[in-house]
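The chain contents come next:
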Amino acid sequence: MTNTSIDRKSPARSEGIILLEEMIRIRSFEEKCAELYTREKIRGFLHLSVGQEAVAAGVTPTLDARDAIVATYREHGHALARGISPRAIMAEMFGKREGCSRGRGGSMHLFDAATRFYGGNAIVGGGLPIAVGLALADRMLHRPQVTACFFGEGAIAEGVFHESLNLAALWRLPVLFCCENNLYAMGTALDRSQSEIDLCRKAASFKVPTRSVDGMDVEAVAEAARETVALVREGGGPHFLECRTYRFRAHSMFDPELYRTKTEVETWKRRDPIALQSARLRDRGEIDDALVGELGREIAAEIEDAVAFAEAGSWEPVEELTRFVYAEGS
Amino acid sequence: MTNTSIDRKSPARSEGIILLEEMIRIRSFEEKCAELYTREKIRGFLHLSVGQEAVAAGVTPTLDARDAIVATYREHGHALARGISPRAIMAEMFGKREGCSRGRGGSMHLFDAATRFYGGNAIVGGGLPIAVGLALADRMLHRPQVTACFFGEGAIAEGVFHESLNLAALWRLPVLFCCENNLYAMGTALDRSQSEIDLCRKAASFKVPTRSVDGMDVEAVAEAARETVALVREGGGPHFLECRTYRFRAHSMFDPELYRTKTEVETWKRRDPIALQSARLRDRGEIDDALVGELGREIAAEIEDAVAFAEAGSWEPVEELTRFVYAEGS
Amino acid sequence: MTFGTATAIGTRRTTYRGAIREALREALARDDRVFLMGEDVGRYGGCFAVSQGLLEEFGPERVRDTPLSESAFVGAGIGAALGGMRPIVEIMTVNFSLLALDQIVNNAATLCHMSGGQFPVPLVIRMTTGAGRQLAAQHSHSLEGWYAHVPGLKILTPGTLEDARGMLWPALEDPDPVLIFEHGGLYGMEGELALDTGAVSIDRAAIRRPGEDVTLIAFGGMLGPALTAAERLESDGIGAEVVDLRRLRPLDETTILDSVQRTRRAVVIDEGWRSGGISAEILSRIVEGAFYDLDAPPRRVCSAEVPMPYARHLEQAALPQVEGIVSATRDLMARHG
Amino acid sequence: MTFGTATAIGTRRTTYRGAIREALREALARDDRVFLMGEDVGRYGGCFAVSQGLLEEFGPERVRDTPLSESAFVGAGIGAALGGMRPIVEIMTVNFSLLALDQIVNNAATLCHMSGGQFPVPLVIRMTTGAGRQLAAQHSHSLEGWYAHVPGLKILTPGTLEDARGMLWPALEDPDPVLIFEHGGLYGMEGELALDTGAVSIDRAAIRRPGEDVTLIAFGGMLGPALTAAERLESDGIGAEVVDLRRLRPLDETTILDSVQRTRRAVVIDEGWRSGGISAEILSRIVEGAFYDLDAPPRRVCSAEVPMPYARHLEQAALPQVEGIVSATRDLMARHG
Ligand SMILES: Cc1ncc(C[n+]2csc(CCOP(=O)(O)OP(=O)(O)O)c2C)c(N)n1
Ligand SMILES: Cc1ncc(C[n+]2csc(CCOP(=O)(O)OP(=O)(O)O)c2C)c(N)n1
Ligand SMILES: [Mg+2]
Ligand SMILES: [Mg+2]
């Protein structure tokens, strides 16, 4: 952050405003990504979380700096909420050397050692056992840390979900399994992918305590996450948190959306987490038009800055192509 | 079967006696295998089901000839109970061409197209999706058939168990998932492999109906299986049948049995399914010493015949080594 | 089975994607035992839009969406094949096939042999392979050559519209498990196809371009670059023959050796990683079968040994390019005999 | 790190199994971050008795029995490595590793690169490989050469007691994922080991027997047969040099080429299947690096391309045998230069 940088966690702003701000940041960032995708600045697969911002914005701040995060290919929001700089994320999407994965990962593979952000995994379910292992390391090294693992409800069909929950439960490891249930895995609706659509029941079959929350209500998400993370940190073993949410946009940029109706999407849009939180804060008198305008301008500036940074970034020299296939100095 | 052949399903014998007879056949056959293993007639891995005979003997006869079976590497009992000739099975264990897999499979890979016996799978959990697929074929071809899939409780930790149950439940396929819960997977006790040791609860989390039965009581197993198979056949979708049993002998021939106490084994041996059924039949006045002696002699002769057959068998010519890597005429 | 021969009854414009869709439609229409199963093949219309419209045409029993359970639905494909069906299982991308590898290698490839011939597995598995679309390290592998190591499997790699259209039917008629690798970069490839194009023979490699001086051996996504390179070499006065392997297992060694014995020089082009790739097998077959005919050691042009990077310039640098093929070939021609 | 050099301070008798156990014990004692995890490594004492006694010595936290969940416990190994531990994950048999292949290939092998170097994965995975014990088609694969195709992994194949004893420590010190393939047929191999044998260098292949006329290249379970063949050839007056590859990825091409440039002839022996096996890569490297030095085309002696049959005579016929190596070598020597 240079001159355009903004004090994102201004103490003057209430928690509710900070949550709103984070959601707006994510939304704006991703809307910008969509635009940059059509301009071919960003390539490959691009998965936006528009509509689901309350999950990343609500859960992530309940973690400590020493905690770890494992996410999916739909992880811009988590990366931003974790505090990875928008510049580094945007540069990554541009494939630039200044990107948080040096341009090697792209949208689906954001990584950041400083904030213990372990990706950005594009294999559905692939991150779950990694989270279990991170938590195992914490346990063996007697560190009071939590690993938060985000995944979609589609991942629950993968065998590795079950293996991972069982292992974590058997060994009582400090993992928060956070399921973003947006009702679809690409075009496959939950009830065509699971014989039991009550996902908490599935988790409970491993004796993992569960909680389900309205994933469109960012304050509810934050509260549930805070309480659940505390339980995990206190040695309560893994917990499963279902956030019931919805993806407003297509699965990726190549999705004709044949599998759901416009009406369904519109109905859910009436529960837009940003609109809901704005309305609540207005009701509470915490925000007014002026503040909303201010937030918007701050964030827009931040994103413009990130785009400019990414544009100005450099290309990793082709000679370095095979660098990092193995660790440096190995 | 030649001159020594015995009318194994003599109508004069009651169902209880037939169940007893089948268990004695399996026990005797496997005790013989153990002996032949020390004589190096049988090689490789050899997994005996001694103690668990009530499961194979009780469940298998409740299936029709048109039904299919998928089993594990501990499948001699299922193969025998299914009516594959002891000769063909023993010849297989000897590695002879006359074996039910032409000597290519051995103890862990008994196959028989005539009785729809699809193996003999030595990958824990590996047979489950195959069973799902067989049932899918039946459904798509409108055949009122059932596929019975046997597996140990250890397989429940494998992701593919969950994937398979979900798929079968989602599509309401006619599969009987029969879990032989003998409390150990090699040396790993159930409670060190599962966070939830009530296996029916795990199956129920897929909305699969479940039933648990005393796997040492062959009549109870038979009754439970009969009723469950009927439900599956009638279109009730997949069912999960847990048979609570115990393995009296080592996991395989290389097992020092460090993981359980002699006392535990002895306690279970007091519930030997053969002894239990014999006692019951005596109480009922269905058998006496004479009949028991007769059964023993008949079965001994049958097994001697099988061993002689296997001994006299031929070796597949080495020139045929690569035969069957691809289908004949492909 | 009769093979479509390109008689002059006219052509139509289509794409690789369209050709595969047509093949699927034909198979579904022609044989009741055939069904398509995989993630999002139905309602979504196929991850790469290959199966679009088939659900509407054939219904959800025969165009069957599955949950995200690669191991179970591939295994179910094996079971359904054993049970008398002719399943076509689609795995979205070759990387995800690793979640089903146990079923493919431990079951599909072994059952026929383990059972002494009683249980062949007439299963077709289709999947997308290859890089070039900036999908990075978990969506860009080229593992078809890797799969070709496994006895019991057959491996097809359509690189032309004809093969995209024609390989499915013989794969379905084959009693053994056949894996078809569709290159993701080719789905949009357009061209003319004879109106009556149908099944093709999958027995032999094809000489896609005759030449006398050097043999370029390629398949799938690398066929195009190999042909372009051959054209460029033409202007240098180098006559490059281009062999399209088409099937990686079993390999058609005869066609390879015949060509190399004539040209006495060979360059193998493979999008897979070099070390231990199918390119190594081709080199070995050439050396074992035609050593004394060679004027120079055969060459390989392969992908750099790196999990595919996202950035376009790095990805392109990792992949075999026309220039690389041309310069390797020129270099080879300059070697003494 | 210092390497044990065989100074003459005496030897002791041990086995391949015992040597590995000793290496495990040393690693567990020496570094608190090290732990062993896998199916039945603890209470059972290890499927092949390798880890017997370690649970009693180091307790259940560090000798950790897992459920039958290959994908999850290999993935957990990756996570634990990322979290600062030095996990040794045991997979009972190479075939079962296919259930974890997604984690190995899509995660362990890619994370360092995908993250731009931020997240190397210092994980060691040990597994049993190979045939010869009549375990049939689902327990007898030799896939170490197959794994060697994957960038991001390192592949070790101990074929001697020294390497069984000494490869684990450098594997643990390596910042990248290292797979160690222990040949099941070697566990009982007995011999003398210098009292102070410790870690070995894993950088280079080793010349296990010098010779001038031909180079036999082998590793793991095939090293013994290669050495025996070399002795037999001696009596024919053929001096066979035996190169033990030791590490299949990265390959030590220098040692291979040095030897072949001297002997001008090579035979590669590999228990893996021929087509697309590591044997093909070795042949290719030889041809690419020493074509003009060769007096005859290099040869391969590999396993028959068949899922391993159970019957002993068939299994033995499928596997490379001393006689086969000897006759292939003799045949090669008879070829003109
Ligand atoms: C193992 C695997 N199979 C298939 C895919 C292709 N794929 C990518 S995202 C996706 C849907 C996942 O749905 P869900 O887990 O609900 O997450 P969401 O996309 O809804 O956030 C699929 C099928 C993949 N990436 N990995
Ligand atoms: C995927 C896989 N992992 C490990 C093994 C090794 N193994 C063979 S049997 C067995 C125990 C299985 O236990 P369970 O399923 O309870 O069956 P049981 O042996 O008790 O009949 C193990 C770990 C295997 N065959 N397959
Ligand atoms: Mg979803
Ligand atoms: Mg068991």
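The text that follows walks through the structure, step by step, so that each part is easy to find. This one's a predicted model, so the numbers in the text were calculated from it and none came from an experiment.

**Here we look at the site of ligand 1**
Contacts to ligand 1 come from 22 residues, most closely from A:Tyr73, A:Arg74, A:Ala122, A:Asn182 and C:Glu70. Residues within reach of ligand 1 are spread across chains A and C. A distance of 2.8 Å separates an oxygen atom of ligand 1 from a polar backbone atom of A:Gly154. When ligand 1 sits alone it has 580 Å² of accessible area, and the protein chains cover 96% of it. For the shell around ligand 1, a count of residues per class yields 12 nonpolar, five polar and five charged.

**Focus: the coordination of the magnesium ion (ligand 4)**
All names here are of chain B. Taken together, the protein donors to the magnesium ion (ligand 4) comprise Glu153 (OE), Asn182 (OD1) and Tyr184 (O), at separations of 2.0 to 2.2 Å. Sequence spacing among the residues donating to the magnesium ion (ligand 4) works out to E-x28-N-x1-Y. Separated by 31 residues along the polypeptide, Glu153 in the loop between strand 3 (147–152) and helix 6 (159–170) and Tyr184 in strand 5 (residues 184–185) bring together distant segments of the chain.

**Some remarks on the site of ligand 2**
Around ligand 2, the surrounding shell holds 22 residues, and the nearest of these are B:Tyr73, B:Arg74, B:Ala122, B:Asn182 and D:Glu70. Note that a nitrogen atom of ligand 2 is positioned 2.8 Å from one of the backbone N or O atoms of B:Ala122. A distance of 2.6 Å is found between a nitrogen atom of ligand 2 and a side-chain nitrogen or oxygen belonging to D:Glu70. The residue makeup of the shell around ligand 2, split by class, is 12 nonpolar, five polar and five charged.

**So, the interface of chain C and chain B**
Listed as interface residues are 44 residues of chain C and, on the opposing side, 39 residues of chain B. In total, chain C and chain B occlude about 3,200 Å² of area from one another, counting both sides; carbon and sulfur atoms represent 68% of this. Interface area lost by chain C to chain B is led by C:His113, C:Met114 and C:Phe119, which between them contribute 19%. At the junction of chain C with chain B, the criterion picks out one salt bridge. Ionic pairing is found between C:Glu61 and B:Arg139, a salt bridge with its closest N-O pair at 3.2 Å. In this structure, the connection of chain C to chain B is made through 18 residue pairs in polar contact (both at pLDDT 80 or more). At the level of elements, strand 2 (34–38), helix 2 (54–62), strand 3 (63–65), helix 3 (70–82), helix 4 (101–108) and helix 5 (111–114) of chain C are the ones that each hand at least two residues to the side of chain C that touches chain B. With 10 residues, the top contributor of residues to the side of chain C that touches chain B is helix 3 of chain C.

**A word on the coordination of the magnesium ion (ligand 3)**
For a metal with four tetrahedral donors the ideal donor-metal-donor angle is 109.5 degrees, whereas six octahedral donors ideally subtend 90 or 180 degrees. Residues and elements named next belong to chain A. Protein-derived coordination of the magnesium ion (ligand 3) comes from Glu153 (OE), Asn182 (OD1) and Tyr184 (O), at a distance range of 2.0 to 2.2 Å. Mapped onto the polypeptide sequence, the residues donating to the magnesium ion (ligand 3) form the spacing pattern E-x28-N-x1-Y. In this pair, Glu153 is assigned in the loop between strand 3 (147–152) and helix 6 (159–170) and Asn182 in the loop between strand 4 (175–181) and strand 5 (184–185), connecting sequence segments 29 residues apart. Each member of the pair, Glu153 together with Asn182, is buried.

**A word on the interface of chain C and chain D**
On the side of chain D, 48 residues touch chain C, which itself brings 48 residues to the contact. The largest contributions to the chain C side of the interface with chain D come from C:Trp146, C:His149 and C:Tyr292, which together make up 17% of the buried area. Remark: the boundary between chain C and chain D carries eight salt bridges. Inspection of the chain C/chain D interface yields 25 residue pairs in polar contact (both at pLDDT 80 or more). Of all the secondary structure elements, the ones that give two or more residues to the side of chain C that touches chain D are helix 4, helix 5 and helix 11 (278–290) of chain C.

**Overview of the relation of the copies chain C and chain D**
Turning chain C through 180° and shifting it by 0.0 Å along the axis lays it on chain D, with an RMSD of 0.0 Å. Such a combination of rotation and displacement between the chain copies is what one expects of a two-fold axis. Looking at the rotation axis and the C-alpha trace of chain C, the residue lying nearest is C:Ala280, at 2.6 Å. A shared interface surface links the copies, since 100% of the contact residues of chain C are contact residues in chain D too.

**Structural notes on the sheet that holds strand 4 (residues 175–181) of chain B**
All names here are of chain B. If you walk across this open sheet you meet the six strands as 2-1-3-4-8-7, and the pairing is parallel. With partners counted over all chains shown, the strands left at the sheet margins are strand 2 (117–121) and strand 7 (210–214), one partner each. Adjacent strand axes in the sheet meet at a mean angle of 15°, parallel and antiparallel pairs treated alike. Pairing geometry for strand 3 and strand 4, over six bridges, is parallel. In the sheet register, Phe150 faces strand 4, and the bridge partner there is Cys178. Where helix 5 (residues 128–140) meets the sheet, it contacts strand 1 (68–72), strand 2, strand 3 and strand 4, and its direction lies at approximately 170° from that of strand 3.

**Quick notes on the pattern of salt bridges**
This model, assessed by the stated rule, comprises 140 salt bridges over all chains. Across the pair D:Glu281 and C:Arg300 runs a salt bridge whose closest N-O atoms are separated by 2.9 Å. In this pair, D:Glu281 is assigned in helix 11 (residues 278–290) and C:Arg300 in strand 14 (residues 299–303), connecting two distinct chains. Under the relative-accessibility criterion, D:Glu281 is labelled buried at 0%. Note that D:Asp331 and D:Arg299 form a salt bridge whose closest N and O atoms lie 2.2 Å from each other. Note that D:Asp331 is positioned in helix 13 (residues 322–334) and D:Arg299 in strand 14 (residues 299–303), a separation of 32 residues in sequence. On the basis of relative accessibility, which here comes to 22%, the residue D:Arg299 falls in the partly exposed class. Residues participating in the shared-partner salt-bridge network are A:Arg13, A:Glu21, A:Glu22, A:Arg25, A:Glu294, A:Glu298 and A:Glu302.

Rules of the game
Residues numbered from 1 in each chain as written. Chains lettered and ligands numbered in written order. Predicted model: local features only at pLDDT ≥ 70, side-chain atom pairs only at ≥ 80, totals over all residues. Heavy atoms only, no water. Near = heavy atom within 4 Å. Polar contact = N/O pair within 3.5 Å; in protein donor to acceptor, adjacent residues only side chain to side chain. Areas by Shrake-Rupley, 256 points an atom, 1.4 Å probe, with all protein chains shown as cover. Nonpolar A, V, L, I, M, F, W, Y, C, P; charged D, E, K, R; others polar. Donors = N, O, S within 2.8 Å, 3.2 Å for Na, K, Ca; no water. Helix = DSSP H or I, 4+ residues; strand = E, 2+ residues; numbered from the N terminus. Contact = heavy atoms within 4.5 Å. Buried area = accessible area lost by both parts, 1.4 Å probe. Salt bridge = Lys/Arg side-chain N within 4 Å of Asp/Glu carboxyl O. Buried < 20%, exposed > 50% of the residue type's maximum accessible area, 1.4 Å probe, protein only. Least-squares fit on C-alpha atoms with pLDDT ≥ 70 in both. Pairing = 2+ DSSP bridges. Axes fitted to C-alpha atoms, helices over the stretch in contact; angles between N-to-C directions.

Note that all results are geometric; they support no functional claim without further evidence.
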